[in-house]
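What the coordinates show
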Amino acid sequence: MNNKELAVNTIRVLSSECIDRSNSGHPGIALGAAPIAYTLFANHLVFNPKNPGFKNRDRFVLSAGHGSALYYVLLHLFGYDLSMEDLKSFRQLGSRTPGHPEAFCTPGVEVSTGPLGQGIANAVGMAIAEKRLAAKFNREGFNVVDHYTYALCGDGCLQEGIAYEAASLAGTLKLNKLIVLYDKNNITIEGGTDLAFTEDVAKRHEAQGWKVITVKDGTNLAEISKAIARAKKQTQKPTLIICNTKIGHGSPLQGSEASHGAPLGEKNTQLLKENLGYNYPPFTVPEEIKPLLKKTIAKGKRIEKQWNLLMQAYAKAYPAEAEEFEKWLSDEIPELDYAQILKPATGAEATRSSGSNVLNALANSIPNLFGGSADLGPSNKSIMKNREWFSASNPNGSNVHYGIREHAMAAISNGIAMHGGLIPYCATFFAFSDYMKNAIRVSALMSARVIYIFSHDSIGVGEDGPTHQPIEQLVALRSIPNINVFRPSDAIETAYAWITALKSNCPSALVLSRQNLPQSGLSGEGALKGGYVLAKESKPTPDCILIASGSEVELCLKAKEALLLEGIDARVVSMPCMEIFDSQSEEYKQSVLPSAVKARVCVEAGSSYSWHKYAGDNGKLICIDEFGMSGNPKQLFPHYGFTAENVCQKAKESIALCNKK
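Small disclaimer: the values here were computed from a predicted structure and weren't measured.

**Looking at the overall build of the chain**
Helix and strand content of the chain: 25 helices and 19 strands. By the compact-globule yardstick of 26 Å for 661 residues, the chain fits well, its C-alpha radius of gyration being 28 Å. Within the span of the chain, comprising 661 residues, buried residues form 61% of the whole. In the chain, once contacts between residues fewer than 6 apart in sequence are set aside, the share between residues at least 24 apart is 76%. Carbon and sulfur atoms form 50% of the exposed surface of the chain, whose accessible area is close to 25,400 Å².

**What about the packing of aromatic side chains?**
Counted by the stated rule, this structure contains 26 aromatic pairs. Consider the rings of phenylalanine 47 and tyrosine 80, whose centres lie 5.7 Å apart with planes at 20°: the pair is stacked. Taken together, the residues span a long stretch of sequence, with phenylalanine 47 in the loop between helix H2 (27–44) and strand S1 (59–62) and tyrosine 80 in the loop between helix H3 (68–77) and helix H4 (84–88) at a distance of 33 residues. Overall, the relative accessible area of 3% leaves phenylalanine 47 in the buried class. On the accessibility criterion, tyrosine 80 (10% relative accessible area) is buried. Look at phenylalanine 637 and phenylalanine 642: their rings are 6.1 Å apart centre to centre, the planes differ by 85°, and that puts the pair in the edge-to-face class. With relative accessibility at 13%, the residue phenylalanine 637 sits in the buried group. What makes phenylalanine 642 buried here is its relative accessible area of 4%.

**Here we look at the layout of surface pockets**
Considering only enclosed or pocket space, the largest pocket measures out at about 430 Å³ in volume. Lining the largest pocket are 25 residues, with Asp331, Ala417, Met418, His419 and Gly420 sitting closest to its centre. Going through the elements one at a time, helix H16 (406–419), strand S11 (423–429) and helix H19 (491–503) are the ones with two or more residues in the lining of the largest pocket. Ranked by residues supplied to the lining of the largest pocket, first place goes to H16 with three residues.

**Notes on a positive patch on the surface**
A surface patch of positive charge is lined by Lys174, Lys211, Arg230 and Lys237. Positionally, lysine 211 belongs in strand S6 (residues 211–215). Lysine 211 sits in the partly exposed class, given a relative accessible area of 31%.

**A few points about the sheet that holds strand S12 (residues 451–455)**
Overall, parallel pairing links the seven strands, which are arranged S9-S10-S8-S11-S12-S14-S13 in an open sheet. With one partner strand each, in any of the chains shown, strand S9 (389–390) and strand S13 (484–486) form the two edges of the open sheet. As defined by bridge partners, S9 adjoins strand S10 (residues 399–401) across two bridges and the pair is classed as parallel. In the strand pairing of S10, phenylalanine 390 is matched with valine 400. The strands touched by H19 within the sheet are strand S8 (369–373), S11, S12, S13 and strand S14 (508–511), with S12 carrying the most contacts at an inclination of about 155°.

**Brief notes about the pairing of strand S18 (residues 600–603)**
The side chains of a regular strand alternate, residue by residue, between the two faces of the sheet. The alternating pattern of S18 places Arg600 and Cys602 on one face and Val601 and Val603 on the opposite face, and all of these are buried. Direction of pairing for strand S16 (residues 544–548) relative to S18: parallel, over a ladder of four bridges. Bridging across to S18, isoleucine 547 finds its partner in cysteine 602. Pairing between S18 and strand S19 (residues 620–622): three bridges, direction parallel. Residue pairing across strands places valine 601 opposite lysine 620, the latter belonging to S19.

**A few points about the confidence of the model for the chain**
On average, residues of the chain carry a pLDDT of 97, and 100% of them reach 70 or more. Taken element by element, the predicted model of the chain shows its lowest mean pLDDT in helix H13 (residues 338–341) (92) and its highest in strand S3 (residues 178–184) (99).

**So, H16**
For H16, built from 14 residues, the straight-helix expectation of 20 Å at 1.5 Å per residue is met to within 8% by its first-to-last C-alpha distance of 20 Å. For H16, a buried count of 13 out of 14 residues is recorded, marking the element as mostly surrounded by other parts of the structure.

**Focus: helix H11 (residues 290–317)**
Given a rise of 1.5 Å per residue, 28 residues ought to cover 40 Å, and the 41 Å separating the end C-alpha atoms of H11 matches this to within 8%. All of the buried residues along H11 are Leu293, Thr296, Ile297, Gly300, Glu304, Trp307, Met311 and Tyr314. Looking at the packing, one finds that the buried side of H11 touches H2, H3, helix H5 (118–137) and helix H12 (319–330).

**Focus: the pattern of salt bridges**
A complete count under the given rule lists 27 salt bridges for this structure. Ionic pairing is found between aspartate 569 and lysine 560, a salt bridge with its closest N-O pair at 3.7 Å. The same class applies to aspartate 569 and to lysine 560, which are both buried. Between glutamate 586 and lysine 589 there is a salt bridge; the shortest N-O distance is 3.8 Å. On the criterion of helical spacing, the pair formed by glutamate 586 and lysine 589 is a turn pair, its members being three residues apart in helix H22 (residues 586–592). Taken together, the salt bridges that share partners define one network made up of Asp81, Asp86 and Arg96.

**Focus: unusual backbone geometry**
The phi torsion at lysine 174 lies on the positive side, around 55°, for a residue other than glycine. Counting through the fold element by element, lysine 174 comes out in the loop between helix H7 (161–172) and S3. For asparagine 186, which is not a glycine, the phi torsion comes out positive at approximately 65°. You can see asparagine 186 is positioned in the loop between S3 and strand S4 (187–188).

**Side note on the packing of H5 against H12**
Where H5 contacts H12, the two axes come as close as 11 Å, and the packing angle between them is 160°. Between H5 and H12, the interaxial angle falls into the category roughly antiparallel. H5 and H12 meet at a crossing whose hand is right-handed. Residue-level inspection shows Arg132, Leu133, Lys136 and Phe137 of H5 in contact with H12, the latter providing Glu321, Glu324, Phe325, Trp328 and Leu329. Split by residue class, the contact of H5 with H12 holds five nonpolar, no polar and four charged.

**Digging into empty space enclosed by the protein**
One pass over the full model with this rule turns up two cavities of 30 Å³ or more. Estimated volume of the largest cavity: approximately 50 Å³. Taken together, Lys55, Asn56, Arg59, Leu133, Val144, Val145, His147, Phe325, Leu329 and His419 make up the full set of residues lining the largest cavity. Considering only residue class, the lining of the largest cavity consists of five nonpolar, three polar and two charged. The wall of the second largest cavity is formed by Arg352, Gly355, Ser356, Asn380, Lys381, Ser382, Ile453, Trp498 and Leu512. The element best represented in the lining of the second largest cavity is helix H14 (residues 351–365), accounting for three residues.

**Re the sheet that holds strand S15 (residues 532–535)**
Spatial strand order, S15-S17-S16-S18-S19: five strands in an open sheet with mixed pairing. With partners counted over all chains shown, the strands left at the sheet margins are S15 and S19, one partner each. Direction aside, neighbouring strands of the sheet carry axes that sit 25° apart on average. Lying over the sheet, helix H25 (residues 644–660) contacts S16, S18 and S19, oriented at roughly 165° with respect to S19.

What counts and how
Residues numbered from 1 in each chain as written. Predicted model: local features only at pLDDT ≥ 70, side-chain atom pairs only at ≥ 80, totals over all residues. Heavy atoms only, no water. Helix = DSSP H or I, 4+ residues; strand = E, 2+ residues; numbered from the N terminus. Rg over C-alpha atoms; globule rule 2.2 N^0.38 Å. Buried < 20%, exposed > 50% of the residue type's maximum accessible area, 1.4 Å probe, protein only. Contact = heavy atoms within 4.5 Å. Areas by Shrake-Rupley, 256 points an atom, 1.4 Å probe, with all protein chains shown as cover. Phe/Tyr/Trp six-rings, centres within 6.5 Å; stacked < 30°, edge-to-face > 60°. 1 Å grid on protein atoms, 1.4 Å probe; cavity = no way out; pocket = protein on both sides within 12 Å on 5 of 7 lines; lining within 4 Å. Points joined across faces, edges and corners; volume = space filled by probe spheres on them. Patch = residues over 30% accessible without salt bridge, like charges linked within 9 Å, V, L, I, M, F, W, Y side chains within 5 Å. Salt bridge = Lys/Arg side-chain N within 4 Å of Asp/Glu carboxyl O. Lys, Arg positive; Asp, Glu negative; His and termini not counted. Charge placed at Lys NZ, Arg CZ, Asp CG, Glu CD. Pairing = 2+ DSSP bridges. Axes fitted to C-alpha atoms, helices over the stretch in contact; angles between N-to-C directions. pLDDT = per-residue confidence, 0-100. Expected span 1.5 Å × (residues − 1). Parallel < 35°, antiparallel > 145°, perpendicular 65-115°, else oblique. Left-handed = near helix turned anticlockwise from the far one by under 90°. Nonpolar A, V, L, I, M, F, W, Y, C, P; charged D, E, K, R; others polar.

Okay, here's the thing in structure tokens:
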């Protein structure tokens, strides 16, 4: 075999050895897709392993994240800071080589993947970011933003609905610098793909506006390279390269689903070596292939050096643009015009409208805000009014028509965030956050600063009925680690939610009302701490504490006034963000919710699951633990007990319980 073939076989064998050593993993794709991955890294992918954050690098996404052993071996061979010891600790506790690629622990990994199809959508987001940044900053002779996004996927990725959604949008936007390499081995865990997947993938993508190239023999390095070169010349369409391969290539389990998700084992790995004519000790990189690898590494360093020189010339020719370019890519937030952002509403106002006002004020200060809605922009008010629309013909736009594609929208936003340079937000009705849950979870896992705008937050949706009325969605999002979920009660709290989201190193969800809410005139920067005393008691210690979020804060303020007429002095606490409140010092939390005051009422037009920790043993809950109903909101809220009178009654019941003990 020649040295290129030896390099491919080294990838195969090292991958299998990693998996055998951990007694866990997926050898099938590593063995079958090794020629595709090697050809991409060796001949086409622009990267500098000594500086994984090189700004004009190509992006590579392993959508079929179960093939992580393949990825880690590539990173090791091509000079990234990933040692042979790291390979040997594959899938072990605390290692830098976890079971699926994670952007936060492995140098060279751009985005966390694993849930099939997510990576394709992430890649679409990265290609969108490249196109937007190129349109903004490139000048004649100065293509300072000029790179490709590649994704490697398998049959499973393309069966997921998110892949269809993302591919459809990519074709519509003519993302010509997006190239998806499809490892077509016709096998899934249960057997042949023809059990459940008989469509013509090529025709599907052609119909969606893609260029499709087929490589009949996925072991032919020259043909794979030619296909990638052709794809890079495409100026109007994204490209799908279909590479026909054999799962588990070269092993006794070649072509069988048995090679997908279990180690080959020592015996079969030895037979793999024999079949490949590979005669090297375990965990060895043959000396013969090192010159090939060094050549690629040197090329990456040289390309970055050339780009740095280009940037120096660009800064001289276009100093203002160069300065702005650096600011966009720094991920820092510029100075904000708080006078504009923190404007109180003049009257009753839905927090979706308050959010729109804040968004548009922020758009004046933050030019790299970039986002859109799943065909609901006029309803959830997520449009930046003085910005153009991003499209195939206008890449200078900042508003995005995502179409009715919630899941892809969220994962695309992850890709935009992880690419860098833009601050993404995306929007839909809150009930439809269920479509997006997996991508939101990955946002939190990666600490990606994606801002999710969810309007129509409760039974206040009204006549659309229970399918559109969120009940359990707040609990679902609050249960995710590392995300801040805001449900503000008025314009000021909405503004503080936006400010906090922009300054956070994690995703945020802004949950906003459809119906108008009164402006208390009491809310303030205490909202930055997640929960705060909105209305104090007159006595040294309150008789009870009324706690609420969003539209229900108004009920608690009214109940406080009514209770005072009966000689009961209540404190009102607004809780716009539980996650941030729970992260405060114990001293601060006690100052808001003193443990000595056990009479409490928690009020929220959603599931009660979030509130027991604040209610305590003697507290009362006014929540909804069943699906909603179709009807006028003015009738629905009283129907479910959301009245000041009921808050008063529950407060008295809680006080009575405390007095009994």
